[in-house]
Amino acid sequence: MSSSPTDEAKFLDWFKEKGGAVHPAVAFKQFEGMGRGCVALEDIEPDTLLFSIPRSVLLTTSTSALPSLLPAEEFASLSGWTPLILSMIYEYLRTSSWTPYFSLLPTQFDSLMFWSPEEFAELEGSTVLNKVGRDEADEEFEQTVKPFVAKHANVFGNPDDYTAELFHRMGSLVLSRSFHVDAKEPEEEEEYSDEEEEEEREDVGDVAMVPFADILNAKSGCDNARLFFEMNTLDMMSTARIPAGSQIFNTYADPPNSDLLRRYGHVDEVNEADLVEVGLETVVDLVGQAQGLGEEGREARAEWLLEMGIDDTFSIERNYKVPEEMVSAIKAFLLTPEEYAKAQKKESPPKPKLDAPSADWARKILDKRLSEYKTSIEEDESLLKESTLPQRKRMAVIVRLGEKRILRSARAKLDEEWPAGGNASATQKDKRRSRDGGKGEAGGKKQKKAKQ
Ligand SMILES: C[S@@+](CC[C@H](N)C(=O)[O-])C[C@H]1O[C@@H](n2cnc3c(N)ncnc32)[C@H](O)[C@@H]1O
């Protein structure tokens, strides 16, 4: 990265001139493999104000000068993050308002937007490959940004300075560093929320680049600081005791490794929030076809499930349970035409309760998902032992290995609770018995009576 200690000093001067305040025990530091972060120089107690950011230094579509220089309806016609990205490029190229901030920001990224096809191939099997959005971003640049900048060259200056590279760079900064800050009046003690998966639905006016807050790194299970929104400031507070010499960590809202890699360009070797996704289409193809449903019939059932609020993607987390919506979807494809008609009439998808047939199908679905990765768990485990593995490949292996391990554990859990081709296991029966009262006839009856 190109920024230096002088840039840090200039940034701090600028930050303080604008009214920012920093606790004397908080300092910048380079951390191996993480870039710049913040360190505690002395022990810091919980609930300590680490730094306070005046709202005026936030870079948003409200604080940038750009919107006021353009016809309002034309600026409003821009969609997604484009208004913010354009405002950032404009401020970066044409003004000095945020120069000390920009000089601390990275210009190169390991997030998926910047991976080559060969590097992407290492992620084969992971659904993250469908979420990168490089083509959409290129199209947005070519079809919207370029003509817009050329049309308003009186404001933007030389259109050639507005390159696709700069557009992707600013977009990646928004993806990895922005915060959701309601543009409306802040609620009392409103808590920060990092920008979430809902980025497309979010109002761009609420997305903010927050100098200083975005210098904190994050690590699964290690967060010890959090941003709180006050009327005139955004305050970073410690949420735990931070011993002298320790890194100050924010939270990025605990994404799985696939999303960490996509948005931030890093992974957590140990990530409690890791998960693997199974698409509804796997259920549709596998169960629907085996049930003899034609393409139209399969599509109709899938559409109906979506209308009933079932998601098109199921996430298996580290509790290794088959997601309820996936069970419901499997069972919907196992319904006879008469049962399906009835369910449609009642507008009610099947209850998400596993039974022997749905458990067998869940097993097949997990196997199908596992077969979509081109390497085995064992191969990945030995790859990770190689000290010469290139960094991006290493991260891809960690993502795909994490996903495969979850699939394997979910399958083992199914095998234990629903042995293949059979009935419920002893554990399942025990669970059922204890739900029924577990005392045979008399116990069961009593419980029923009490319920009436
Ligand atoms: C909000 S910024 C934090 C400041 C950043 N380290 C810098 O040098 O400007 C987020 C970026 O920091 C890096 N980062 C944060 N946490 C990390 C971690 N646990 N491991 C590796 N890199 C991390 C990633 O490059 C990520 O995109």
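Basis of the calculations
Residues numbered from 1 in each chain as written. Predicted model: local features only at pLDDT ≥ 70, side-chain atom pairs only at ≥ 80, totals over all residues. Helix = DSSP H or I, 4+ residues; strand = E, 2+ residues; numbered from the N terminus. Buried ≥ 20, exposed ≤ 12 C-beta atoms within 10 Å, placed from the backbone. Contact = placed C-beta atoms within 7 Å. Pairing = 2+ DSSP bridges. Core = buried A, V, L, I, M, F, W, Y, C linked by C-beta atoms within 7 Å. Domains from an automatic or database assignment. Axes fitted to C-alpha atoms, helices over the stretch in contact; angles between N-to-C directions. Parallel < 35°, antiparallel > 145°, perpendicular 65-115°, else oblique. Left-handed = near helix turned anticlockwise from the far one by under 90°. Nonpolar A, V, L, I, M, F, W, Y, C, P; charged D, E, K, R; others polar. pLDDT = per-residue confidence, 0-100.

### Section: the overall build of the protein chain
Now for step 1: A tally of regular secondary structure across the protein chain gives 19 helices and 14 strands.
Now for step 2: Across the 452 residues in the protein chain, those meeting the buried criterion constitute 35%.
Now for step 3: For the protein chain, restricting intrachain contacts to residue pairs at least 6 apart in sequence, the fraction spanning at least 24 positions comes to 73%.

### Some points on the sheet that holds strand β2 (residues 26–31)
Now for step 1: Taken in spatial order, the four strands line up as β2-β3-β12-β9 in an open sheet, and their pairing is mixed. Of all strands in the sheet, those bounded by a partner on one side alone are β2 and β9 (217–218).
Now for step 2: Pairing geometry for β9 and strand β12 (residues 247–250), over two bridges, is parallel. Looking across to β12, one finds that alanine 218 is bridged to asparagine 250.

### Considering the nonpolar core
Now for step 1: Formed by 73 residues in total, the largest nonpolar core has its most connected members in Ile85, Ala213 and Ile248.
Now for step 2: Looking at this core element by element, the count peaks at seven residues for helix α4 (residues 82–94).
Now for step 3: Counting only domains with at least three residues in this core, you end up with domain 1 (5–259) and domain 2 (276–433).
Now for step 4: The residues contacting isoleucine 248, other than those within four sequence positions of it, are Val26, Cys38, Val39, Ala40, Leu50, Leu216, Asn224, Ala225 and Ile242.
Now for step 5: Listed in part, the 29 residues of the second largest apolar core include Leu275, Met326, Leu354 and Leu414.

### A closer look at the packing of helix α11 (residues 280–290) against helix α15 (residues 356–371)
Now for step 1: With their axes 10 Å apart at the nearest point, α11 and α15 run at an angle of 120° to one another. Of the possible angle classes, the one that applies to α11 and α15 is oblique. In the packing of α11 onto α15, the handedness of the crossing is right-handed. Residues Thr282, Val283, Leu286 and Val287 of α11 form the contact with α15, whose own contacting residues are Trp361, Lys364, Ile365, Lys368 and Arg369.
Now for step 2: When grouped by side-chain class, the residues that make up the contact of α11 with α15 number five nonpolar, one polar and three charged.

### A closer look at the confidence of the model for the protein chain
Now for step 1: Overall, the prediction assigns the protein chain a mean pLDDT of 91, with 88% of residues at 70 or greater.
Now for step 2: Below a pLDDT of 50 lies the segment residues 188–200, which in the model reaches 19 contacts outside its immediate sequence neighbourhood of four places, other chains included.
Now for step 3: Counting interchain partners and residues more than four positions distant, the pLDDT-below-50 stretch residues 434–452 has seven contacts.
Now for step 4: The ipTM assigned to the predicted complex is 1.00, against a pTM of 0.90.

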